[in-house]
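Observations on the model geometry
Residues per chain are reported as follows:
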Amino acid sequence: MSTEILVAGGGIGGITTALACARRGIRVTVLERHSEFGEVGAGLQIGPNAWRVLRDLGVIDSLAGQAVMPRRWALHDITTGEEIFSLPFGTAFEQRYGAPYAVMHRGQLLTALLSACRATGLVTAIPGKEITRISQDTGSVTAHCADGSTFTADAAVAADGLRSTVRAQLLDAEPPLISEYVVYRGPGPRPDGIEDAVMLYVGDGIHYMQYPISGGTMLNRVASFKSTRGAPLSETWGTPRELTEKFAGATAGIRAAVAEMDTSKRWPLCDREPLPGWTLGRITLLGDAAHPMNQYLAQGACQALEDALALAEALSDAPGDPEAAFAAYEEARYPRTSAIQQYTRFIGDFCHFGGAAALLRDHFLSGLGIEDRYAYTDWLYGTGGGTPTRPIPPHLTPYGR
Ligand SMILES: Cc1cc2nc3c(=O)[nH]c(=O)nc-3n(C[C@H](O)[C@H](O)[C@H](O)COP(=O)(O)OP(=O)(O)OC[C@H]3O[C@@H](n4cnc5c(N)ncnc54)[C@H](O)[C@@H]3O)c2cc1C
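Definitions and limits used
Residues numbered from 1 in each chain as written. Predicted model: local features only at pLDDT ≥ 70, side-chain atom pairs only at ≥ 80, totals over all residues. Heavy atoms only, no water. Axes fitted to C-alpha atoms, helices over the stretch in contact; angles between N-to-C directions. Helix = DSSP H or I, 4+ residues; strand = E, 2+ residues; numbered from the N terminus. Parallel < 35°, antiparallel > 145°, perpendicular 65-115°, else oblique. Left-handed = near helix turned anticlockwise from the far one by under 90°. Contact = heavy atoms within 4.5 Å. Nonpolar A, V, L, I, M, F, W, Y, C, P; charged D, E, K, R; others polar. Near = heavy atom within 4 Å. Polar contact = N/O pair within 3.5 Å; in protein donor to acceptor, adjacent residues only side chain to side chain. Areas by Shrake-Rupley, 256 points an atom, 1.4 Å probe, with all protein chains shown as cover. Pairing = 2+ DSSP bridges.

Further remarks concern the packing of helix 1 (residues 12-23) against helix 8 (residues 300-317). Between helix 1 and helix 8, the shortest axis-to-axis distance is 8 Å and the interhelical angle comes to 30°. Compared by their axis directions, helix 1 and helix 8 come out roughly parallel. As helix 1 runs across helix 8, the sense of the crossing is right-handed. The residues of helix 8 that touch helix 1, namely those facing Ile12, Gly13, Thr16, Thr17, Ala20 and Cys21, are Ala301, Ala304, Leu305, Ala308, Leu309, Leu311, Ala312 and Leu315. Of the residues assigned to the contact of helix 1 with helix 8, the class counts are 11 nonpolar, three polar and no charged.

What follows deals with the site of the ligand. In the region of the ligand, 30 residues are neighbours, and Gly13, Glu32, Gln45, Arg106 and Asp288 sit closest. Between the ligand and the protein, one listed contact pairs an oxygen atom with a side-chain N or O atom of Arg106 at 2.8 Å. In the environment of the ligand, a nitrogen atom lies 3.4 Å from a nitrogen or oxygen atom belonging to the side chain of Thr165. Computed on the free molecule, the ligand has an accessible area of 1000 Å², of which 89% lies beneath the protein chains in the complex. Residue assignment for the shell around the ligand shows that the elements contributing at least two residues are helix 1, strand 3 (43-46), strand 12 (177-189) and helix 8. Grouping the amino acids of the shell around the ligand by side-chain chemistry returns nine nonpolar, 12 polar and nine charged.

Taking strand neighbours across the sheet as the criterion, the three strands line up as 8-9-10 in an open arrangement whose pairing is antiparallel. The sheet is open, and its two edges are formed by strand 8 (131-136) and strand 10 (150-153), each paired on a single side. The mean inter-strand angle of the sheet, taken between neighbouring strand axes irrespective of direction, is 20°. Both strand 8 and strand 9 (residues 141-145) contribute to a ladder of five bridges, which runs antiparallel. Looking across to strand 9, one finds that Ser135 is bridged to Thr142.

For the rest of this paragraph, the subject is the sheet that holds strand 15 (residues 218-226). Where strands meet in a sheet, backbone hydrogen bonds hold them as pairs that are either parallel or antiparallel. Read across the sheet, seven strands follow the order 5-4-13-14-15-12-16 without closing on themselves; strand pairing throughout is mixed. Looking at the sheet topology across the chains shown, the edges are occupied by strand 5 (83-88) and strand 16 (267-271). Strand-to-strand twist of the sheet, defined as the mean angle between neighbouring strand axes without regard to direction, takes the value 20°. Bridging between strand 12 and strand 16 involves four bridges; their strand directions are antiparallel. Across the sheet, the residue bridging to Ile178 is Cys270, located in strand 16. Packing against the sheet, helix 10 (residues 355-366) makes contact with strand 4 (72-77), strand 5 and strand 13 (197-203), and its axis sits at approximately 40° to strand 5.

Quick look at the structure:
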């Protein structure tokens, strides 16, 4: 018995869910509130755990020439530029995790996923449909849209992001937790001599990240700092002027990159505490709607990709019984996504240490042999899909949380 699925939200999570379901013969309708399907003009890191999902869904070939495989991930001191730590992404990494580490433009990934969806003939993707609520009875769900239209299916997946309307209806109407950190980001030209690497530069309460995208022709750039000017989201908080001031002590190259960045939009960094209960009968949550996390492990979209595959597999395993499938999906995914939400916060604190804590961190990281470095990433990138196996040494656990 086949099930028809309604997906709320046409971001990376929603479109990947549609594709994963369609690959298993399930018909899907995606409703997106914006008038076009699109992504913010920024880059995305795709760890091997998520690259394996893209490979399973058959979209790797269409990313050729756009995705870049960086040689390594490297951590630097933002003031001196000195390298503290690096994780090589070469052959040993790929063999260990069965996939490479990739970086790409978000829009190019979404386009590849959408065209793969269309090619299945099983996905109807409708823009300009803002869902205000989803109702359900014993055999179906109905999405009610702001323009008065309704769409009915057997079950619904809400992939409507950090400020999910469906999550507020189902589980938790509280707004997301806004951190003290603000982000400015955007691609820019790639100057000569920039290595094919994910480079993170850290200092006390600030960081700058860059990596190549769009076939290596552009550089994705992210500058973030802990604002000390008023309450988060207030007019004085996290302004472009504070950005310049906070980065005054960074290397000349970083200062130049920050000066070029588009500062017309600032992103307050948000997440939520892990909370079970994504599933209620024939409706479930996915991606940021279920488990929004800070970006420090670069896993928000990667986890949405893992969710999409797990959900489609659960639906295939329970034909005609979406309630059972959704319950199994949440049971399978909740432990891992919760652990990543929490670990990500730790990594944020760890990267932003200052003073003696930063010295200890740097000493600890520079002493790690290659096997030890991988031991910290096996649980995240490996095929086991598990939770952290190797705790961070207690003397380095963050203060203030
Ligand atoms: C600075 C920064 C850097 C990041 N870097 C990385 C990275 O390198 N790697 C990584 O894996 N993750 C990264 N992330 C996280 C990643 O961006 C998110 O986790 C991911 O985009 C979540 O995808 P999603 O589809 O769940 O939600 P979203 O991308 O938010 O998509 C939700 C969609 O639903 C639509 N929608 C919302 N409400 C409605 C409604 N009522 N009706 C219909 N449609 C609706 C929206 O318009 C949107 O299209 C980063 C995040 C930030 C802030």
